Amino acid sequence: MLLDQETENEIVFELCQHLGRSILPVAGSDGPGAPAGTVGTAFFFSELVGATDDGEVAHEWLLTAEVLTDRPYGEILLRPSVTEPAEGAAEPIELPGFADHWLRLPELGVAAMPTGGLHGHADDQGWRWRTQQVTEAVAAPADAVARIGAMPGSAFVLALGVSEDGSRPLEAVVQQVARDGDEVRVTVELPAGYVGAPVFAVEAGPEGGVVPRCLGVLLPPRDGGHPVATFDRIRSALAEVVRGGAPS
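Residues numbered from 1 in each chain as written. Predicted model: local features only at pLDDT ≥ 70, side-chain atom pairs only at ≥ 80, totals over all residues. Heavy atoms only, no water.

So, the overall build of the protein chain
Secondary structure assignment for the protein chain yields 4 helices and 16 strands. Here the C-alpha radius of gyration of the protein chain, 17 Å, is about what a compact globule of 248 residues would show, namely 18 Å. Over its C-alpha atoms, taken along the principal directions, the protein chain stretches across nearly 50 × 45 × 35 Å. Restricting to contacts in the protein chain with at least 6 residues of sequence separation, those with at least 24 account for 65%. Counting every atom, the protein chain has about 11600 Å² of accessible surface; 50% of that belongs to carbon and sulfur. Measuring between centres, the 15 positive side-chain charges of the protein chain sit 3 Å from its 36 negative side-chain charges. (Helix = DSSP H or I, 4+ residues; strand = E, 2+ residues; numbered from the N terminus. Rg over C-alpha atoms; globule rule 2.2 N^0.38 Å. Contact = heavy atoms within 4.5 Å. Areas by Shrake-Rupley, 256 points an atom, 1.4 Å probe, with all protein chains shown as cover. Lys, Arg positive; Asp, Glu negative; His and termini not counted. Charge placed at Lys NZ, Arg CZ, Asp CG, Glu CD.)

What about the sheet that holds strand 11 (residues 153-160)?
Read around the barrel, 6 strands follow the order 11-12-13-16-15-14 and close on themselves; strand pairing throughout is antiparallel. Adjacent strand axes in the sheet meet at a mean angle of 45°, parallel and antiparallel pairs treated alike. The pairing of strand 14 (residues 198-204) with strand 15 (residues 210-218) spans 7 bridges and is antiparallel. Within strand 15, the residue paired with E203 across the bridge is V211. (Pairing = 2+ DSSP bridges. Axes fitted to C-alpha atoms, helices over the stretch in contact; angles between N-to-C directions.)

Quick word on helix 1 (residues 5-19)
With 15 residues, helix 1 extends 20 Å between its outermost C-alpha atoms, agreeing within 8% with the 21 Å of an ideal straight helix rising 1.5 Å per residue. Of all the positions in helix 1, only T7, E8, I11, V12, L15 and L19 are classed as buried. Buried residues of helix 1, viewed axially, fall in a sector of 145°; they line one side. Turned more than 90 degrees from where helix 1 packs its buried face, E6 and F13 sit exposed. Its buried side turned inward, helix 1 meets strand 1 (23-29), strand 10 (134-135), strand 11, strand 12 (170-180), strand 14 and strand 15. Regarding helix 1, its N-cap is D4, as a side-chain oxygen of that residue lies 3.1 Å from the backbone nitrogen of E6 further along. (Expected span 1.5 Å × (residues − 1). Buried < 20%, exposed > 50% of the residue type's maximum accessible area, 1.4 Å probe, protein only. Arc of directions from axis to C-beta. Polar contact = N/O pair within 3.5 Å; in protein donor to acceptor, adjacent residues only side chain to side chain.)

A look at the pairing of strand 8 (residues 110-114)
Here strand 8 lies mainly inside the structure; 5 of its 5 residues are buried. Side chains V110, A112 and P114 project from strand 8 onto one buried face, and the interleaved A111 and M113 project onto a second face that is buried too. Relative to strand 8, strand 3 (residues 55-65) is paired through 5 bridges, and the arrangement is antiparallel. When the bridges of strand 8 are listed, T64 appears paired with A111. The turn joining strand 7 (residues 103-105) and strand 8, which pair antiparallel and follow one another in sequence, is formed by 4 residues; a positive phi near 80° is taken by G109.

Considering the pattern of salt bridges
Inspection of every chain in the model, using the stated rule, returns 10 salt bridges. For R185, the salt bridge identified is with E183, shortest N-O distance 3.3 Å. R222 is the salt-bridge partner of D223, the closest N and O atoms lying 3.9 Å from each other. Overall, D223 belongs to the exposed group, its relative accessible area being 70%. With relative accessibility at 39%, the residue R222 sits in the partly exposed group. Through salt bridges with shared partners, one network takes in D143, R147, E203 and R213. (Salt bridge = Lys/Arg side-chain N within 4 Å of Asp/Glu carboxyl O.)

Re the environment of P220
On the secondary structure map, P220 appears in the loop between strand 15 and strand 16 (226-230). Sequence separation between P220 and R179 is 41 residues; the distance between their C-alpha atoms is 17 Å. Apart from the residues lying within four places of it in its own chain, the contact partners of P220 are V67, V195, G225, H226 and P227.

See below:
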């Protein structure tokens, strides 16, 4: 669906308000103090997997592009808006053996980190997470992904860019997404820091409005645009991992 500019601006505002705290900046390098070899964005995804007498059961993951996770050392940077108190964001989460912290899904180009260790780190440091997640309700189901056609539609990428001073500002860009064969693609190349970010499209909702759906993870640029690892395939891959006994 291709939207007019006013509606696109409204969607950008909605995404920043409701999902701005779902994303974190990540960086990989050869070691502490070494120049960053990879920079990108990761985001929280909460997946409903069942229910018990005590309520719904969900698995929470941090998702990003696999290419960002192959360095010996990595950092997950924090922002004051995602920690309580805000002072918890003063130091990044340092991760020696960066690749070992992720479940790698090379057939998709995606890496997933169970968030139990992140919550444990916060407890150890005396703060707690104050995040938003891309939830099961927002992540595009298979039929929504299948409806992405060859005709470009409006797409929205919520990311943490890279400023000249090295800071990582929250950014939301409006571009277009289309299907190219079996692949869903953002049709232009995006700036540094965007790889790994969530990509959104919209569908017609009840009462004539539009509803944002997260299509999946923005992958590295290729042929003038970015492939998107879509949630229909991500869900299937994560379910397989969980059946095999993924950590919590």
